[in-house]
There are 8 protein chains.
Amino acid sequence: EFAKIDNHRALRTGFPEVIWGHGKTTEQIIKIMNVMRQRTSVVMATRIQPKVYIALKSEVSDLQYYESARICAIIQGKTSPEDLTPYTIEELYPGVIVVISAGTADLPVAEEAAITAELSGFQVQRLWDVGVAGIHRLLDNRDLIASASVLIVVAGMEGALPSVVAGLANSPVIAVPTSIGYGASFNGLAPLLTMLNSCSAGIGVVNIDNGFGAAILAGQILRTVAKFNQG
Amino acid sequence: EFAKIDNHRALRTGFPEVIWGHGKTTEQIIKIMNVMRQRTSVVMATRIQPKVYIALKSEVSDLQYYESARICAIIQGKTSPEDLTPYTIEELYPGVIVVISAGTADLPVAEEAAITAELSGFQVQRLWDVGVAGIHRLLDNRDLIASASVLIVVAGMEGALPSVVAGLANSPVIAVPTSIGYGASFNGLAPLLTMLNSCSAGIGVVNIDNGFGAAILAGQILRTVAKFNQG
Amino acid sequence: EFAKIDNHRALRTGFPEVIWGHGKTTEQIIKIMNVMRQRTSVVMATRIQPKVYIALKSEVSDLQYYESARICAIIQGKTSPEDLTPYTIEELYPGVIVVISAGTADLPVAEEAAITAELSGFQVQRLWDVGVAGIHRLLDNRDLIASASVLIVVAGMEGALPSVVAGLANSPVIAVPTSIGYGASFNGLAPLLTMLNSCSAGIGVVNIDNGFGAAILAGQILRTVAKFNQG
Amino acid sequence: EFAKIDNHRALRTGFPEVIWGHGKTTEQIIKIMNVMRQRTSVVMATRIQPKVYIALKSEVSDLQYYESARICAIIQGKTSPEDLTPYTIEELYPGVIVVISAGTADLPVAEEAAITAELSGFQVQRLWDVGVAGIHRLLDNRDLIASASVLIVVAGMEGALPSVVAGLANSPVIAVPTSIGYGASFNGLAPLLTMLNSCSAGIGVVNIDNGFGAAILAGQILRTVAKFNQG
Amino acid sequence: EFAKIDNHRALRTGFPEVIWGHGKTTEQIIKIMNVMRQRTSVVMATRIQPKVYIALKSEVSDLQYYESARICAIIQGKTSPEDLTPYTIEELYPGVIVVISAGTADLPVAEEAAITAELSGFQVQRLWDVGVAGIHRLLDNRDLIASASVLIVVAGMEGALPSVVAGLANSPVIAVPTSIGYGASFNGLAPLLTMLNSCSAGIGVVNIDNGFGAAILAGQILRTVAKFNQG
Amino acid sequence: EFAKIDNHRALRTGFPEVIWGHGKTTEQIIKIMNVMRQRTSVVMATRIQPKVYIALKSEVSDLQYYESARICAIIQGKTSPEDLTPYTIEELYPGVIVVISAGTADLPVAEEAAITAELSGFQVQRLWDVGVAGIHRLLDNRDLIASASVLIVVAGMEGALPSVVAGLANSPVIAVPTSIGYGASFNGLAPLLTMLNSCSAGIGVVNIDNGFGAAILAGQILRTVAKFNQG
Amino acid sequence: EFAKIDNHRALRTGFPEVIWGHGKTTEQIIKIMNVMRQRTSVVMATRIQPKVYIALKSEVSDLQYYESARICAIIQGKTSPEDLTPYTIEELYPGVIVVISAGTADLPVAEEAAITAELSGFQVQRLWDVGVAGIHRLLDNRDLIASASVLIVVAGMEGALPSVVAGLANSPVIAVPTSIGYGASFNGLAPLLTMLNSCSAGIGVVNIDNGFGAAILAGQILRTVAKFNQG
Amino acid sequence: EFAKIDNHRALRTGFPEVIWGHGKTTEQIIKIMNVMRQRTSVVMATRIQPKVYIALKSEVSDLQYYESARICAIIQGKTSPEDLTPYTIEELYPGVIVVISAGTADLPVAEEAAITAELSGFQVQRLWDVGVAGIHRLLDNRDLIASASVLIVVAGMEGALPSVVAGLANSPVIAVPTSIGYGASFNGLAPLLTMLNSCSAGIGVVNIDNGFGAAILAGQILRTVAKFNQG
Ligand SMILES: Nc1ncnc2c1ncn2[C@@H]1O[C@H](COP(=O)(O)O)[C@@H](O)[C@H]1O
Ligand SMILES: Nc1ncnc2c1ncn2[C@@H]1O[C@H](COP(=O)(O)O)[C@@H](O)[C@H]1O
Ligand SMILES: Nc1ncnc2c1ncn2[C@@H]1O[C@H](COP(=O)(O)O)[C@@H](O)[C@H]1O
Ligand SMILES: Nc1ncnc2c1ncn2[C@@H]1O[C@H](COP(=O)(O)O)[C@@H](O)[C@H]1O
Ligand SMILES: [Mg+2]
Ligand SMILES: [Mg+2]
Ligand SMILES: [Mg+2]
Ligand SMILES: [Mg+2]
Ligand SMILES: [Mg+2]
Ligand SMILES: [Mg+2]
Ligand SMILES: [Mg+2]
Ligand SMILES: [Mg+2]
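Computed from a predicted model, the values in this text were never measured in an experiment. (Residues numbered from 1 in each chain as written. Chains lettered and ligands numbered in written order. Predicted model: local features only at pLDDT ≥ 70, side-chain atom pairs only at ≥ 80, totals over all residues. Heavy atoms only, no water.)

### Some thoughts on the overall build of chain A
No. 1: Per the secondary structure count, chain A includes 9 helices and 9 strands.
No. 2: At 18 Å, chain A has a C-alpha radius of gyration in line with the 17 Å of a compact globule built from 231 residues.
No. 3: Overall, the C-alpha framework of chain A stretches about 50 × 45 × 30 Å when taken along its three principal axes.
No. 4: Classification of the 231 residues of chain A by burial places 65% in the buried group.
No. 5: Of the contacts formed within chain A by residues at least 6 apart in sequence, a portion of 66% connects residues at least 24 apart.
No. 6: Within the structure as shown, chain A displays about 7,900 Å² of accessible surface, and the carbon and sulfur contribution to it stands at 52%.
No. 7: Looking at chain A, you have 17 positive and 20 negative side-chain charges, and the mean spots of the two groups are 7 Å apart. (Helix = DSSP H or I, 4+ residues; strand = E, 2+ residues; numbered from the N terminus. Rg over C-alpha atoms; globule rule 2.2 N^0.38 Å. Buried < 20%, exposed > 50% of the residue type's maximum accessible area, 1.4 Å probe, protein only. Contact = heavy atoms within 4.5 Å. Areas by Shrake-Rupley, 256 points an atom, 1.4 Å probe, with all protein chains shown as cover. Lys, Arg positive; Asp, Glu negative; His and termini not counted. Charge placed at Lys NZ, Arg CZ, Asp CG, Glu CD.)

Given below as structure tokens:
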């Protein structure tokens, strides 16, 4: 078969496998979704363009689309059809993930992180367009930064934002470089290098544009918190 | 003055500033150490070669050296001179950081992570030389991996180890590429790219050879755990 | 003339020249095919998109298409029109080529390898979607790996699979990096470097996405086996 | 002859040619200095290691050394031997160049900029070790930044400082990336890309470690100011 | 909200924020323009393709388009509708920005610089197509170069022009590499490196194709001139 | 412990683990050798400089040195002390590995391949200094090429030799790029890319300077031959 | 004006300026052509796609198109409309340029070289598809190689052909890397590096895909020959 | 044997093989020299450091050293021991090679070109230190440029000189990038790219620091001239 779904994953790592939409045919995605919905209440696919969503929707009627995040999901067991996630407040993990973006154009990646986290049962706060060129926009939000349990910081161009945030914050910072920029940004290489070389220690970097991976890591951290809380 | 010690840092981020030994003169290091010892019980410097340690030691008599980690430290308030850290077991943060290395040659970076974590008040378990070329060496240690609160995985050459560990683990993974290798390793570029592109989500990557940064991030995660535990 | 077909090649190297479809006009491909069919029973072209196949088919009525592999071929001397290869089991070379792929998206490259090998007279076993993020999927297939005479391992993203396979296997491993991935994969540079730096010795690497070349090398190995067998 | 001294340069561009010490023999440097001292009151050489200075000094008795800047100079027409520059306050150009550095290790480059500017007749203010990891160190110096006519901002590692400074400043910013860092800094490539991609417009970037070039550009700007002032 | 307009910017840096059109939807651009027109007499957006302009124009009737510069602007308070800028000669800043381009294909970037400067209140002189392959074309314009207060030099391919201009000029040079070229130009990397390594000191480099940033830096320099003039 | 010797390896892959001398202390190497000599008749270490050999020899009296290959080995069970390998002709695997090098300077890498193969029980033929600039030197050796069961082709600079050899040969070709060259060779990147892009299919590439890995792969191929021969 | 045609160029360098079609509008090309036809008998534009040619042709009725070379030209003073060049045999420069290409896909670049040379008054011989994978195809043409006054060798993929040709030839070799290939060819970087590192001395390399530049250099060499012949 | 001297080379290409000193032992060089002196009147070795020369000289008493070019040579058949070349003026090839260098530090490479050409029987004119930052230095030498039959232009840093020279010259230009520079010069990558992208057509580029190869190509051109002259 063309796909071996890793059903043990949720048991091992706490997260079910998620479909990476890029480079799969509509048929392949639908087949995988149908297998996965047997086992997990949220079936999620990333990197889904609007046109692909429309094609999927015509076959999978309970499919939900989060356009700005390019994510679609089947959410089973919702209490009402308007619900964007299947969780009640009580079911959410303890702690808050604050997602910060540097510029307007970084939004799709930042939303990919935010929606992935929300669909995985975490509470998210968003702070958009607070790049370092106008540092007061960030400093005005010191309280929000201080309240975070984990921070996901998304930035393209020179990618300096995670360094400044990590200098202000008291929690782990996950840095996501984006391919936003031109010329010597080299499709995100510039912010990637910036983040890896940060003079603020305590930053974990993920791949360029990988909002998904940042959310999984943030979630992994909050799940660790939860384990200790319960023990 | 040539250095502005960031004394607020401990307040803001929970970790005091640490001296990066590379490219500083012995005189500069001693001056900074003497200022820092006024305020913090552990004064730490990384990337200290044996010769530099000898020069420092002749001026700073209570300096301790962790040779395999290339770290030296002043530890004030030790109960006995043999103590390698100033903490009693009760004072340690909850949770265990498991540090895993792929090859013998990755040891200095792995020890930099381990010692930094221990000097910052965290409990560490080491697992050395379990590279993916002999996967059974890793699989034999599944229990240790499962017991970790955070994992730091250090690997040079092709850097595949964090992907495999993250597929087995149930906690956040911090990946540290090393410059060990030759030819197309391009001084650590190869394992760096490997780790950033991992098909296992939930991995945060730090700079090549940056054992220190990995430990700070791991510590940041366990401090978040501790905050919730106390609340 | 625009093309000098290398008719000596089959004599020298045991494989006839194969048409690289990329960047050739339909007319050029047909002309070359018609010259080649005079001399060899299997005429093969790689990197043929579906639209190009349709155009070729309307001129070359006995053309066969292997869509997932993007290969088309004229197979002369088939016993029945349904045959996908011109060989009977007895005519196949001794030994089995096991082709392994890491992810669903690597399939076109893996199939290019498999079909090229089958059309050249080799026996192939396929094992798809067993990437290292869920290592048990690979470990469950240890017997298949052990039974291989040669292994072709195809992987994109971080490309760690060949290292793990070579650590388990008892036969030569040919590693094929793919351009599947994004961001710091840099169109396949990441898995290419991974494979070249593998800590498992005994791996030969071919170009990014070059399933064809991997199959030719695997075939060359089995032809060497056959020479000794006959001697 | 091995060197064609560009004597027109001072006429054309306002700055005499300066000797780039790197890769020249002591003999070559002395010969060029002796020709140049005929025409200009300040003869300057950059990238001079202490050992080279000692060799030069034994031949050129009025040579001055600025060790932290790795510069040596012949200053003719000083009023007293202790003078570090030949200018009285009145002779200095209008305006102040503020030189800012991110870390202690960036000092040689920052001093190269500062001393070059001072030897060329400009007033300089230094602000050292105010990297973005502790942003308050920079914010505490807003007045100094506001008082600058031109800013030279020197930073290694991730090189984020110029972006933040340019967001606060009301004058041109010249950014100097340094080769300070390791791993993915790639000898200064990381901060170079950061500075070129800055989301703060109004930043001119010079080569890695090129404190000299930054000072010449800053001087060129203040000379333009002076031209208008005189007109 | 998706955008936090940095209204303090004009106060801090003297230039209002400008909309970077790339990757924004028409709706987003219109919304931001409408907010910005409340506060500033010139609202400017860069990187606007003709089709996007047409869409914007149908909603924003007083929008002006500078096609060769790919800029559109709302200019409030013009004395007559034909005016391309809102300034009278008397209102312009002192000094002249000379914009020089190497080849015909560099024009869009050179015009981006020129129009940005003109819309910001500066006087501009253009000199097009004077690349170093026919050096006499440049030498014939020595007077224009000498008359400049600041020079912006735009070049693709090998990017040698700024070095030659800076050797002739008596004012600051801002170098803009363009992505014009092919093969080993690597989308502008070649001229970028050329400009950073210039043997003519006194050159500040901006990002590939960043005519906008060059104009802001040139303007910053002339505003510094103006401050002294007034004092 | 700092090293986990992979004793299963010989069982799994047919080759015992070999010590990579680079970056290990003399003490570490001796300790590992002493453990390994308990289990295998040939204990081998690569990348051993003459000085390191001398230090090792003073502790390990039966150590043998192959200077041009930078390899040292303990060979147990030799019939006479002069023997360079422990094998009689009859014990060697069937088939011949022909090792070809392009230039005199490639010799250390070519010898690393040859000696590794000989110490592993394979028959080797050497052909040195037959680079493509004088193609007749290669064409004069067509018979040797035709007689090979496997070819290892070692080349630096432009690395064109494997392409030509593979066009002439009737057996698998393993290509080893070397770091010999300067300038745009970028420490072996140039021949590495050449070999990966070869228009001759059937070439497996190993890391830059990795003569060891090439020999292991060649051996793996001949062991596959042997398996069939026996069966 | 947007273009300063370098009319002195023919006087200085012997070749009139040629229009680089890439990135120019049809209008710009026509305007430049009309100015140039006043002064030179052959007006030539490179990188003209078929569609652009059709648009140009409708305005410039005497335009000629060389499709495989992507060149169009106005040839004034032809004796008959079928003439592809304006020269009689007697008018051609002495000597022959032999243009050699490695693969079928390299043809457009090879033809760009050949047509440029022919339109500039040189005699050309073509040898197509003689890549090193089948070296006999090249060796069969030793006489043609020996008869050349200058050789232009065009190759993509690994670009080994110029090294082999230069080893056989007795005249200057100009090497043209092409962007033909995929994966680790990195758009022509691989053959470019190959050619620069050639172990055969006496090769001058031009930019990737720059058939035009190769022809101008070859012509420059034959014009030098001609100068001496006349003297 | 470790070296296969290519004795046919002089017959085929007109130049005897030359020893590349880099990475060869003194013994190897002497052995090769002694073989070569049997067949050719000038035996030449490049990249010879002073210390290596001294070692060689003690064994080869008639060895000559050209220190600034790092070349040593045995010149047989000199009329007097002071002769630096074995040729009388009449024996020299027709035409003059003009070697131009941009900076003092480029001299070793420029001299390598000049001495190689002189030892091969060509007439050379040198023009040193005429970089583009002071263009008048070059323009003052227009007559020399015009008198050249071939030009070799050597430049490091930004490498702009060949573009300007080719725009002035009427003969073929060979461009040699050097590794002189720092930071973003990336060991000569910057001038290499500059030269490959030159907007002046008719430039052939050789490897970084390859003065030798430039001389061989220049010689090849003049030998072609000579062939026609004789015919
Ligand atoms: N946007 C994304 N970026 C990176 N990895 C992803 C993304 N979305 C899903 N994945 C991972 O991709 C894997 C599935 O890949 P595939 O088998 O090709 O569908 C899952 O294990 C996910 O963890
Ligand atoms: N997918 C492929 N990847 C790499 N090489 C190929 C591929 N398909 C065919 N070839 C090779 O390309 C050569 C033919 O190239 P061409 O002359 O351009 O048709 C043959 O020698 C094949 O060995
Ligand atoms: N063409 C351009 N290149 C670089 N930066 C620009 C350009 N146009 C506008 N900007 C900057 O982009 C910022 C606005 O980005 P955004 O918030 O994404 O609209 C402003 O601060 C401008 O200074
Ligand atoms: N020269 C070499 N190049 C690449 N790998 C080697 C080399 N020598 C030994 N090895 C491999 O390195 C591994 C041992 O690494 P280590 O544990 O660091 O000694 C063994 O598995 C060998 O397969
Ligand atoms: Mg914004
Ligand atoms: Mg090991
Ligand atoms: Mg999968
Ligand atoms: Mg500091
Ligand atoms: Mg032009
Ligand atoms: Mg040789
Ligand atoms: Mg072909
Ligand atoms: Mg000079």
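There's more to say after this.
### Comments concerning the sheet that holds strand β2 (residues 42-46) of chain D
Residues and elements named next belong to chain D.
No. 1: In spatial order, the strands read β1-β2-β4-β3; together these 4 strands make up an open sheet with mixed pairing. With one partner strand each, in any of the chains shown, β1 (19-20) and β3 (63-66) form the two edges of the open sheet.
No. 2: As paired strands, β3 and strand β4 (residues 71-75) are joined by 4 bridges and run antiparallel to one another. Along β4, the bridge assignment pairs Gln 64 with Ala 73. (Pairing = 2+ DSSP bridges.)

### Some thoughts on the interface of chain D and chain E
No. 1: Every contact between the two is made by 37 residues of chain D and, on the other side, 37 residues of chain E.
No. 2: Of the roughly 3,000 Å² buried at the junction of chain D and chain E (both faces included), carbon and sulfur atoms supply 57%.
No. 3: Summed over the shared surface of chain D and chain E, the number is 7 residue pairs in polar contact (both at pLDDT 80 or more).
No. 4: Contributing elements (two or more residues each) for the side of chain D that touches chain E: α1 (8-13), α7 (161-168), α8 (189-196), β9 (203-205) and α9 (211-230) of chain D.
No. 5: Per-element tally for the side of chain D that touches chain E: the top contributor is α9 of chain D, with 12 residues.
No. 6: In terms of residue class, the side of chain D that touches chain E is built from 19 nonpolar, 15 polar and 3 charged. (Buried area = accessible area lost by both parts, 1.4 Å probe. Polar contact = N/O pair within 3.5 Å; in protein donor to acceptor, adjacent residues only side chain to side chain. Nonpolar A, V, L, I, M, F, W, Y, C, P; charged D, E, K, R; others polar.)

### Quick notes on the relation of the copies chain D and chain E
Mapping one chain copy onto the other needs a rotation about an axis and a shift along that axis.
No. 1: Least-squares fitting of chain D to chain E yields an RMSD of 0.0 Å, with the superposition described by an axial translation of 0.0 Å and a rotation of 180°. What we have between these two chains is a two-fold relation.
No. 2: Comparing interface residues between copies, 100% of those in chain D also sit at the interface in chain E, which points to an isologous, same-surface contact. (Least-squares fit on C-alpha atoms with pLDDT ≥ 70 in both.)

### Structural notes on the relation of the copies chain B and chain C
No. 1: Between chain B and chain C, which share one sequence, the superposing operator has a rotation angle of 180° and an axial displacement of 0.0 Å; the RMSD is 0.0 Å.
No. 2: Both copies share a contact surface, since 100% of the interface residues of chain B are interface residues in chain C too.

### Looking at the state of the cysteines
No. 1: Tallying each qualifying case throughout the model produces 0 disulfides over all chains.
No. 2: Note on Cys 199 of chain D: no disulfide assigned, nearest cysteine sulfur contributed by Cys 199 of chain A at a separation of 16 Å. (Disulfide = S-S within 2.5 Å.)

### Some points on the side chain of Ser 120 of chain B
Residue and element names in this part refer to chain B.
No. 1: Structurally, Ser 120 can be placed in the loop between α4 (107-119) and β6 (123-127).
No. 2: For Ser 120, the side chain forms a polar contact with the main-chain oxygen of Thr 116, separated by 2.8 Å.
No. 3: Once residues lying within four places of it in the same chain are set aside, the contact partners of Ser 120 are Phe 15, Tyr 87 and Tyr 93.

### Quick notes on the interface of chain B and chain C
One frequent convention defines the size of an interface as the accessible area lost when the parts assemble.
No. 1: At the interface, 25 residues of chain B touch 25 residues of chain C.
No. 2: Both faces considered, chain B and chain C share a buried interface measuring about 2,000 Å² in area, 70% of it formed by carbon and sulfur atoms.
No. 3: Our count for the chain B to chain C interface comes out at 0 salt bridges.
No. 4: The interface formed by chain B and chain C contains 11 residue pairs in polar contact (both at pLDDT 80 or more).
No. 5: Counting only elements with at least two residues in the side of chain B that touches chain C, the list comes to α7 (161-168) and α8 (189-196) of chain B.
No. 6: In terms of residue count, the dominant contributor to the side of chain B that touches chain C is α8 of chain B (5 residues). (Salt bridge = Lys/Arg side-chain N within 4 Å of Asp/Glu carboxyl O.)

### Some thoughts on the packing of helix α2 (residues 26-36) of chain G against helix α3 (residues 50-57) of chain G
Residue and element names in this part refer to chain G.
No. 1: Taken N-terminus to C-terminus, the directions of α2 and α3 make an angle of 55°; their axes are 10 Å apart at the nearest point. When the axis of α2 is compared with that of α3, the two are oblique. When the axes of α2 and α3 are compared, the crossing they make is right-handed. Between α2 and α3, the contacting residues are Thr 26, Ile 29 and Ile 30 on the first element and Val 52, Ala 55 and Leu 56 on the second.
No. 2: Its residues placed into classes, the contact of α2 with α3 shows 5 nonpolar, 1 polar and no charged. (Axes fitted to C-alpha atoms, helices over the stretch in contact; angles between N-to-C directions. Parallel < 35°, antiparallel > 145°, perpendicular 65-115°, else oblique. Left-handed = near helix turned anticlockwise from the far one by under 90°.)

### Details of helix α4 (residues 107-119) of chain H
Residues and elements named next belong to chain H.
No. 1: Taking 1.5 Å of rise per residue, 13 residues should cover 18 Å, and α4 covers 18 Å from first to last C-alpha, within 8% of that figure.
No. 2: Buried residues dominate α4, accounting for 11 of its 13 residues.
No. 3: Burial in α4 covers these residues: Leu 107, Val 109, Ala 110, Glu 111, Glu 112, Ala 113, Ala 114, Ile 115, Thr 116, Ala 117 and Leu 119.
No. 4: Phi turns positive one or two residues past the end of α4, at Gly 121, with a value near 100°. (Expected span 1.5 Å × (residues − 1).)

### Quick look at the pairing of strand β6 (residues 123-127) of chain A
All names here are of chain A.
No. 1: By the bridge criterion, 5 bridges tie strand β5 (residues 96-101) to β6 in an arrangement that is parallel. Pairing of Ile 97 across the sheet is with Val 124, part of β6.
No. 2: Regarding the hand of the β-α-β motif, the stretch spanning β5, helix α4 (residues 107-119) and β6 is right-handed. (Right-handed = clockwise from strand over helix to strand, strands pointing away.)

### A closer look at the sheet that holds strand β3 (residues 63-66) of chain H
Residues and elements named next belong to chain H.
No. 1: Here we have 4 strands laid out as an open sheet, ordered β1-β2-β4-β3, and mixed in their pairing. The sheet is open, and its two edges are formed by β1 (19-20) and β3, each paired on a single side.
No. 2: Contacting β3 and β4 (71-75), helix α3 (residues 50-57) runs over the sheet at an angle of about 170° to β3.

### Topic: the packing of aromatic side chains
No. 1: Counted by the stated rule, this structure contains 24 aromatic pairs over all chains.
No. 2: The interplanar angle of 15° and the centroid separation of 4.5 Å between the aromatic rings of Tyr 93 of chain A and Phe 122 of chain A together place this pair among those described as stacked. With Tyr 93 of chain A in the loop between β4 (71-75) and β5 and Phe 122 of chain A in the loop between α4 and β6, this residue pair connects regions lying 29 residues apart in the sequence.
No. 3: What makes Tyr 93 of chain A partly exposed here is its relative accessible area of 25%.
No. 4: Seen from the ring of Tyr 182 of chain C, Arg 47 of chain A lies directly overhead, with NZ or CZ sitting 4.3 Å from the centre. (Phe/Tyr/Trp six-rings, centres within 6.5 Å; stacked < 30°, edge-to-face > 60°. Lys NZ or Arg CZ within 6 Å of the ring centre and 35° of its normal.)

### Examining the pattern of salt bridges
No. 1: One pass over the structure, following the stated rule, counts 40 salt bridges over all chains.
No. 2: Put simply, Arg 126 of chain B and Glu 118 of chain B hold a salt bridge, and the shortest N to O gap is 3.0 Å.
No. 3: Ionic pairing is found between Arg 70 of chain C and Glu 112 of chain C, a salt bridge with its closest N-O pair at 3.6 Å. Of this pair, Arg 70 of chain C sits in the loop between β3 (63-66) and β4 (71-75) while Glu 112 of chain C is found in helix α4 (residues 107-119), placing the two residues 42 residues apart along the sequence.

### Description of the confidence of the model for chain A
No. 1: On average, residues of chain A score 91 in pLDDT, and 94% of them reach the 70 mark or higher.
No. 2: With pTM at 0.95, the complex prediction returns an ipTM value of 0.94. (pLDDT = per-residue confidence, 0-100.)

### Overview of the side chain of Gln 28 of chain C
No. 1: By the secondary structure assignment, Gln 28 of chain C is in helix α2 (residues 26-36).
No. 2: Excluding its chain neighbours within four sequence positions, the residues that come into contact with Gln 28 of chain C are Phe 2 and Gly 23 of chain C together with Thr 104 of chain G.

### Comments concerning the arrangement of the chains
No. 1: Across the gap from chain A to chain F, with no contact made, the nearest C-alpha atoms are 20 Å apart.
No. 2: Without any contact between them, chain C and chain H keep their closest C-alpha atoms 20 Å apart.

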